[in-house]
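These are the residues of each chain, in order.
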Amino acid sequence: MSDERARRRSRFLRGNAVIGGFYLATGLMATTYEVAMGRGLGPAAYADVNTVLAMAVIAGVAQGVLQLLVAGEVGRTGAVSLRWARVSLVAGASLAAMGVLLDGPARALWYLPRGAFLAMALMSALWLLLAIQRGVAQGQEDYVTLGSSVAVEAAVRLVLTLELIGPLGFWGAVIALGGGSLASSIYTFARVRIPWRPVVPTAWVDVGFMAAGLGLAAVLPTMDLLIVKHAWPVAWVGAWTGMRLFGKGIMAIPTLVATVLYPRIVRDPEARSQYRLWAGLLAAGLMGLVALGASVVMPRLIRLFFAGRYLADLQGFLLYVWAVIPLGIFGLLVNEALAARDRWAVAELGAVALLYLLLLVGHHARMGDVLGDMALLGVLEVAHIVRLRRRLPLVAPAKGAH
């Protein structure tokens, strides 16, 4: 059993190392992209772009659902039903229609430029083009293709941002986002050979289950910005948006680990507890190291990234890089529960999310309030992990690695 455990751990860590290299390069490009926006746009326009991105992440739950459904199907059967191609077309058309209908209300609620919400919806529809290809790569554990697909998207987005943000401002940043997604879609399509199979009945219960879980993981890291964007003065929102630059980098670590964790549990469900333990330790350890490094050099980073614009809020930045860790861990926990098809765990995480969101809605007058809400989320997650460990054995019987 110890040899089996060692092989599982080795395969899990190798997968993380491969995709981690691509995500490191992607993270550096994403940071440069954020710096370009932070320096090239004023606080109001910078907050507008990040608000659009926050809403796009929520609308992009459809993409995440589709990718994980395809990845799970490939992991279990080695093929993909043609029905998912039809589902992606319907979902894309629905997102576009939603953008047309809700552009006005979104503009009034979050003080966005005309057409911004529609652009967000169209970008979300474009992301669906990537969902099936990336799902196949993830299900086959082809992390070179998956990682390079994400890297191509980041590289094209960065180049277009540097070229367009000066003359076009907010709309230059939006065009760059769409251009990166389109380029990545073309690149991924050229690399992935999708193993289609005839249409089979859609397991809509699984679709709803996946959508609920990923909806939770998408909403939590974005709700703080959507709430403060509506309630705070522009200067405060600008500082909070700047903090989110560091938070995005930290929260990307559990996303990376979850990318490898999901197909491993699908293919080897008997070792779920082992994979959950390794994933949690790896994600938390790396996030802690990054947060510690950021804390040490925070004044220098703020001067570099924002030309010293937010040094007055330094204390908030120092606390934020630690408070954001539970938001990243939450997504990892959701992915682990989805891979194991553990509806009880997803339901419990839903209760955790609801408590956090209710607290956030009623307790956000100052930056310290929101940071405290994030810390409480971490306490609730620890309680969930303890309950899950009591319900499931730490080490399941080994039946062979896959």
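Quick caveat, the model's predicted, so the values are computed rather than measured.

1. A closer look at the overall build of the protein
In terms of regular secondary structure, the protein is built from 15 helices and two strands. What you see for the protein is a C-alpha radius of gyration of 20 Å, in line with the 21 Å of a compact globule of 402 residues. Dimensions of the protein, computed from the C-alpha atoms along their principal axes, are close to 55 × 40 × 35 Å. In the protein, buried positions account for 54% of the 402 residues.

2. Observations concerning the nonpolar core
With 126 residues, the main nonpolar core has Trp240, Phe306, Leu338 and Met374 as its most contacted residues. The leading source of residues in this core is helix α9 (residues 234-267), at 17 residues. Ignoring anything within four residues of it in the chain, the contact list for Leu338 reads Leu68, Phe209, Met210, Gly213, Leu214, Tyr262 and Val346.

3. Quick notes on unusual backbone geometry
Positive phi values are uncommon outside glycine, yet Glu141 reaches one of about 55°. By the secondary structure assignment, Glu141 is in the loop between α5 (116-139) and α6 (143-168). What makes Glu141 buried here is its relative accessible area of 13%. Unlike most non-glycine residues, Arg341 shows phi in positive territory, near 55°. Here Arg341 is to be found in the loop between α13 (325-339) and α14 (343-362). We classify Arg341 as partly exposed; its relative accessible area is 43%.

4. Considerations on the packing of α14 against helix α15 (residues 367-391)
Following both chains from N to C, one finds α14 and α15 inclined at 160°, their axes separated by 10 Å at the closest point. Between α14 and α15, the angle falls in the class roughly antiparallel. As α14 runs across α15, the sense of the crossing is right-handed. Packed against α14, whose contacting residues are Trp344, Ala345, Glu348, Leu349, Val352, Leu355, Tyr356, Leu359 and Leu360, the element α15 presents Val370, Asp373, Met374, Leu376, Leu377, Leu380, His384, Arg387, Leu388 and Arg391 at the interface.

5. Describing the packing of aromatic side chains
Taken as a whole and judged by the stated rule, the model has six aromatic pairs. With a centroid separation of 5.1 Å and 80° between ring planes, the pair formed by Phe170 and Trp171 is classed as edge-to-face. Centroid distance Trp240 to Tyr320: 5.2 Å. Interplanar angle 80°. Geometry classified as edge-to-face. Of the two residues, Trp240 is situated in helix α9 and Tyr320 in helix α12 (residues 314-323); the sequence distance between them amounts to 80 residues. Taken individually, Trp240 and Tyr320 each receive the classification buried, so the pair is uniform in this respect. Three or more aromatic residues link up through ring pairs in this structure, and these residues are Phe12, Tyr275 and Trp278. A cation over an aromatic ring shows up here: Arg157 above the ring of Tyr33, its NZ or CZ 4.6 Å from the ring centre.

6. A closer look at the side chain of Glu73
Here Glu73 is to be found in helix α3 (residues 61-77). Taking the relative accessible area as the measure of exposure, Glu73 reaches 11% and is therefore buried. Excluding anything up to four places from it in sequence, Glu73 contacts Gly78, Ala79, Val80, Ser81, Trp84 and Arg197.

7. What to know about the confidence of the model for the protein
A residue-level look at the protein finds 95% of positions with pLDDT of 70 or above and a mean pLDDT of 83. Of all helices and strands in the protein, the one with the weakest mean pLDDT is helix α2 (residues 43-59) (74), whereas α13 scores best (91). Confidence drops under pLDDT 50 across residues 394-402; counting only partners more than four residues distant or on other chains, this segment forms 22 contacts.

8. Quick word on the layout of surface pockets
Considered as a void within the structure, the second largest pocket measures approximately 390 Å³ in volume. Lining the second largest pocket are 18 residues, with Arg276, Leu277, Gly280, Leu281 and Ile385 sitting closest to its centre. Elements represented by at least two residues in the lining of the second largest pocket include exactly α10 (272-296), α13 and α15. In terms of residue count, the dominant contributor to the lining of the second largest pocket is α10 (seven residues).

9. A look at α15
The end-to-end C-alpha separation of α15 is 37 Å, in line with the 36 Å expected for 25 residues at 1.5 Å each. By the burial criterion, the buried members of α15 are Met367, Asp369, Val370, Leu371, Asp373, Met374, Leu377, Gly378, Glu381, His384 and Leu388. If you follow the buried residues of α15, they end up packed against α8 (204-231), α9, α10, α12, α13 and α14.

10. Side note on the pattern of salt bridges
Using the criterion set out here, one finds 13 salt bridges in the structure. Measuring nitrogen to oxygen at the nearest pair gives 3.4 Å for the salt bridge that ties Asp224 to Arg244. In this pair, Asp224 is assigned in helix α8 and Arg244 in helix α9, connecting sequence segments 20 residues apart. Through salt bridges with shared partners, a single network forms among Arg11, Glu141, Arg264 and Arg267.

Analysis parameters
Numbering of residues begins from 1 in every chain and follows the order in which that chain's sequence is written. For this predicted model, a pLDDT threshold of at least 70 governs which residues receive local features, and a threshold of 80 or more governs which side-chain atom pairs are given and counted, while totals over whole chains, interfaces and linings are taken from all residues. Heavy atoms throughout the structure, all of them, feed into the side-chain values; hydrogens and water do not. Secondary structure elements are defined from DSSP: runs of H or I of at least 4 residues count as helices, runs of E of at least 2 residues count as strands, and each element is numbered from the N terminus. We take the radius of gyration over the C-alpha atoms and set the globule estimate at 2.2 Å times the residue count to the 0.38 power. Type-normalised accessible area, obtained with a 1.4 Å probe on protein chains alone, sets the label of each residue: buried when under 20%, exposed when over 50%, and partly exposed for intermediate values. Here, nonpolar core means buried Ala, Val, Leu, Ile, Met, Phe, Trp, Tyr and Cys residues that are tied together by side-chain atoms lying within 4.5 Å of each other. Contacts are residue-level and defined by heavy atoms, with any inter-residue pair within 4.5 Å sufficient. Each axis is a line fitted through C-alpha atoms, and for a helix only the stretch in contact is used; angles between axes span 0 to 180 degrees, taken between their N-to-C directions. In this scheme, roughly parallel covers angles under 35 degrees and roughly antiparallel covers those over 145, while 65 to 115 is roughly perpendicular and the rest are oblique. By convention the crossing between two helices is left-handed if the near helix lies anticlockwise of the far one by an angle smaller than a right angle, and right-handed if it lies clockwise. To pair, rings of Phe, Tyr and Trp, with the six-membered ring standing in for Trp, must have centres within 6.5 Å; the planes then decide the type, stacked if under 30 degrees apart, edge-to-face if over 60, and tilted in the middle. For a lysine, the NZ atom is tested; for an arginine, the CZ atom; a charge sits over a ring if that atom is within 6 Å of the ring centre and within 35 degrees of the ring normal. On a scale of 0 to 100, pLDDT captures the predictor's confidence in every residue. Here a cavity denotes grid points, spaced 1 Å and computed from the protein atoms alone, that fit a 1.4 Å probe unable to get out, and a pocket denotes an open set having protein on both sides within 12 Å along at least 5 of 7 lines; residues with an atom within 4 Å of a point are the lining. Grid points are joined across faces, edges and corners, and a volume is the space filled by probe spheres set on the points. Expected span of a helix: the number of residues minus one, times 1.5 Å. Throughout this description, the term salt bridge denotes a Lys or Arg side-chain nitrogen within 4 Å of a carboxyl oxygen of Asp or Glu.

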